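Residue strings, one per chain:
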Amino acid sequence: MKAIAVLAIVAAGFASYAAPARAEDLQTYALTLKDHRFTPTEIHVPNGKPFFVSVKNLDDTADEFEMHSPPVEKVIPPGQEQKVRIRPLAIGHFSFKGDFHSDTAEGVIISE
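The following paragraphs examine the structure supplied in this document. A quick note: this is a predicted structure, and the numbers were derived from the prediction, not measured.

**Thoughts on the environment of Thr-41**
Then comes step 1: Of note, Thr-41 is situated in the loop between strand 2 (37-39) and strand 3 (42-45).
Then comes step 2: For the pair Thr-41 and Ile-109, spaced 68 residues apart in sequence, the C-alpha to C-alpha distance is 8.4 Å.
Then comes step 3: Excluding anything up to four places from it in sequence, Thr-41 contacts Phe-96, Glu-106, Gly-107 and Val-108.

Right under this line is the structure:
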């Protein structure tokens, strides 16, 4: 009888275990960088789920996709596209910018 109770507890523990998100299962949100400006300037994501931001740089100079919270930095060479993985976010607004042209290249991720 005790063995059955122990097995039930172990099985319940495995049933409540959430496997980590696999990269191929993550939602990707696309950004374009042109004339040192991001399009779109606002991305809406579900809170609590990791995701990718794919940045395509159409400018002839490199720029750096940067967020302070969570800390993310990724240099995007001219004419290239790079993916950045973002950890699960709480509900809120999270600013991003093109660090090399921060006066014009800026946007926000809204987690809801």
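**As for the sheet that holds strand 2**
Then comes step 1: On the basis of which strands lie adjacent, the open sheet formed by four strands has the order 2-1-4-7 and mixed pairing. Of all strands in the sheet, those with a lone pairing partner are strand 2 and strand 7 (81-86), marking the two edges. On average, each strand axis in the sheet is tilted by 25° relative to the strand beside it, whichever way the strands run.
Then comes step 2: Here strand 4 (residues 51-57) runs beside strand 7; their pairing, made up of six bridges, is antiparallel. Pairing of Phe-51 across the sheet is with Ile-86, part of strand 7.

What counts, and at which threshold
- Residues numbered from 1 in each chain as written.
- Predicted model: local features only at pLDDT ≥ 70, side-chain atom pairs only at ≥ 80, totals over all residues.
- Heavy atoms only, no water.
- Helix = DSSP H or I, 4+ residues; strand = E, 2+ residues; numbered from the N terminus.
- Contact = heavy atoms within 4.5 Å.
- Pairing = 2+ DSSP bridges.
- Axes fitted to C-alpha atoms, helices over the stretch in contact; angles between N-to-C directions.

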